[in-house]
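Secondary and tertiary structure notes
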Amino acid sequence: MTKPYVLHGINPSPYSVKMRAILRYRRIPFVWSGVGNPRDVAVRANLPPVIPVLAFPDGRVMNDSTPLAYALEREHPGRSIIPDDPAQAYLSDLLEDFGDEWVTKIMFHYRWYYAADRAFARDWVVTSRDPVMTQSERDAAKKGFNDRQVGRMAMVGCTEQNRPILEGSYRLILDVLDRHFRGRPFLFGTRPSLADFALYGQLQILSVDPTPMTEMRSRAVDVYCWLLRLDDASGIEGARADPKQPLPQTIKELLRHCGETYLPFLAANLRALQEGQDEVALSIQGRPYAQAPFRYQAKCYDALRKKLAALAPDVRKRLDPVLEETGCLGYLA
């Protein structure tokens, strides 16, 4: 019997559940190692302390969910999560990045801003690492984790000033996706794409943490039910949307929101890094937004622009009008 993959992660991690859902959908045999500290696995493999960590059957160890998803595409061609149409594939990549790097700010904000969410997150994370501890060990672990995460809030943009932007973004995403999933099971057809899984990862956590869970269940029940379906979509077959048909208005609305929030942030983040500034400051939807600059998100921005530049002219002829209409093209071309 072939040795399975081993996915090291924890249930409270959006990127861990994203990768687990991908492996399930793609019917790739794996073992879920969901207890302990998966960052230790990364460190032992001389990788950055980023989770989840995937151990391959041949002994290789990798982390970072986007490169992992593409590595699995190269090694397992069946049940791909990358649309065959290159224009759809680019939009999926763009919305995946939006999920991984913008919606994660929303997740982090709700988890650590509200007292009920902080209390729940401390218990969920600590007991995921070790379900059985003495009370003193548990209390110490909860305090240490809480202090570290709350201390990072301003750095990643989760501040009082930015709160209206992040909470407004959450509500808009819920509203748009709820309308979309009432008419279509996934973003780009009747089978999930990489973008579906990225949004799933963040929204799955938001569907469990108390404050955003309450909002989701009352505001966007179809999104909540979509999350339950996508958690294990191994039985889904389905097909991609016909690229010759007009793009759904709901996808355009998501792209427009990306062009109003995430892409302006990426452009400002790059400028701050180039100019040696210690703060990214810009206006998002008429409100001031500020946080520390991040080199990783500059890499994400560079990758999106290079992918667009590498597309064939006939693909750009179809794709550019959509990106222009939604306010994205000026940031990406």
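For the structure given in this document, a descriptive report is provided here. (Residues numbered from 1 in each chain as written. Predicted model: local features only at pLDDT ≥ 70, side-chain atom pairs only at ≥ 80, totals over all residues. Heavy atoms only, no water.)

Next up on the list: unusual backbone geometry. In this structure, Pro52 follows Ile51 across a cis peptide bond, with omega equal to 5 degrees. Structurally, Pro52 can be placed in the loop between helix 2 (38-44) and strand 3 (53-55). Although it is not a glycine, Asp64 sits at a positive phi angle of roughly 80 degrees. Relative to the helices and strands, Asp64 resides in the loop between strand 4 (61-63) and helix 3 (65-75). (Helix = DSSP H or I, 4+ residues; strand = E, 2+ residues; numbered from the N terminus.)

Okay, the packing of aromatic side chains next. Throughout the structure, instances matching the rule amount to 11 aromatic pairs. Residues Tyr113 and Tyr114 carry aromatic rings whose centres are separated by 4.8 Å and whose planes lie at 80 degrees to one another, so their mutual orientation is edge-to-face. Each residue in the set Tyr110, Tyr113, Tyr114 and Tyr170 is aromatic and connected to the rest through ring pairs, giving one cluster. Residue placement shows Arg20 over the ring face of Trp32; its charged tip is 4.6 Å from the ring centre. Stacked on the ring of Phe265, the Lys or Arg Lys105 has its end atom at 4.6 Å from the ring centre. (Phe/Tyr/Trp six-rings, centres within 6.5 Å; stacked < 30°, edge-to-face > 60°. Lys NZ or Arg CZ within 6 Å of the ring centre and 35° of its normal.)

The next thing to look at is helix 10 (residues 221-231). Along helix 10, the residues classified as buried are Val223, Tyr224, Trp226, Leu227 and Leu230. Along the axis of helix 10, the buried positions cluster into a sector of 160 degrees, meaning they face one direction only. Where helix 10 is buried, its residues contact helix 1 (14-25), helix 7 (163-183), helix 8 (194-206) and helix 9 (210-219). (Buried < 20%, exposed > 50% of the residue type's maximum accessible area, 1.4 Å probe, protein only. Arc of directions from axis to C-beta. Contact = heavy atoms within 4.5 Å.)

Let us look at the sheet that holds strand 4. Spatial strand order, 2-1-3-4: four strands in an open sheet with mixed pairing. This sheet does not close on itself; its edge strands, each paired only once, are strand 2 (30-33) and strand 4. Averaged over all pairs of adjacent strands, the angle between strand axes in this sheet comes to 20 degrees, irrespective of strand direction. Sheet analysis places strand 1 (residues 5-8) next to strand 3, joined by three bridges and oriented antiparallel. (Pairing = 2+ DSSP bridges. Axes fitted to C-alpha atoms, helices over the stretch in contact; angles between N-to-C directions.)

A few words now on the pattern of salt bridges. According to the stated counting rule, one finds 26 salt bridges in the structure shown. Where Asp58 meets Arg60, a salt bridge forms, and the shortest distance between an N and an O atom there is 2.8 Å. Note that Arg316 and Asp320 form a salt bridge whose closest N and O atoms lie 2.7 Å from each other. With Arg316 and Asp320 both in helix 14 (residues 313-325) and four residues apart, the pair spans about one turn of that helix. For the residue pair Arg316 and Asp320, the accessibility class agrees, reading buried in each case. One salt-bridge network, held together by shared partners, links Lys18, Glu96 and Asp100. (Salt bridge = Lys/Arg side-chain N within 4 Å of Asp/Glu carboxyl O.)

Within the largest apolar cluster, 96 residues are counted, with the highest numbers of intra-cluster contacts made by Leu94, Trp102, Leu203, Trp226, Leu323 and Leu332. Sorting elements by how many residues they give to this core places helix 4 (residues 86-113) first, with 14 residues. Sequence-distant contacts of Trp102, that is, excluding residues within four places in its chain, are made with Asp97, Ile165, Leu166, Ser169, His257, Thr261, Tyr262, Phe265, Ile284 and Tyr289. (Core = buried A, V, L, I, M, F, W, Y, C linked by side-chain atoms within 4.5 Å.)

This part is about the pairing of strand 1. Relative to strand 2, strand 1 runs parallel, the two being bridged by four bridges. Bridge pairing links Val6 to Val31 in strand 2. Traced from strand 1 through helix 1 to strand 2, the parallel crossover comes out right-handed. (Right-handed = clockwise from strand over helix to strand, strands pointing away.)

Inspection of the secondary structure puts Glu324 in helix 14. According to the relative accessible area criterion, Glu324 is exposed, its value standing at 54%. Through-space distance from the C-alpha of Glu324 to that of Pro293 is 27 Å; in sequence the pair is 31 residues apart.

Let's shift gears to the pairing of strand 5 (residues 280-284). For a regular strand, side-chain orientation follows a simple rule: the groups alternate between the two sheet faces. Of the two faces of strand 5, only one is covered, namely that formed by Val280, Leu282 and Ile284; the face formed by Ala281 and Ser283 stays uncovered. Here strand 5 folds back onto strand 6 (residues 287-291) in antiparallel fashion, the turn holding two residues, of which Gln285 has a positive phi close to 55 degrees.

What follows deals with the environment of Cys258. Along the chain, the position of Cys258 falls in helix 11 (residues 249-260). Sequence-distant contacts of Cys258, that is, excluding residues within four places in its chain, are made with Leu94, Phe98, Leu263 and Pro264.

Time to look at the side chain of Lys105. With respect to the helices, strands and loops of the structure, Lys105 is situated in helix 4. Within the buried core, Lys105 has no salt-bridge partner, and the shortest N-O distance to an opposite charge, that of Glu101, equals 6.7 Å. Those residues within four positions of Lys105 in sequence are excluded, and the remaining contacts are Val156, Cys158, Leu166, Phe265, Tyr289, Gln291 and Gln297. (Lys, Arg positive; Asp, Glu negative; His and termini not counted.)

Our next topic: the packing of helix 12 (residues 262-274) against helix 13 (residues 295-309). The geometry of helix 12 relative to helix 13 is characterised by a closest axis approach of 9 Å and an angle of 115 degrees between their N-to-C directions. For the pair helix 12 and helix 13, the crossing hand works out as left-handed. Only Arg295, Gln297, Ala298, Cys300, Tyr301, Leu304 and Arg305 of helix 13 make contact with helix 12, whose side of the interface consists of Tyr262, Phe265, Leu266, Ala267, Asn269, Leu270 and Leu273. Across the contact of helix 12 with helix 13, the residue classes break down as 10 nonpolar, two polar and two charged. (Left-handed = near helix turned anticlockwise from the far one by under 90°. Nonpolar A, V, L, I, M, F, W, Y, C, P; charged D, E, K, R; others polar.)

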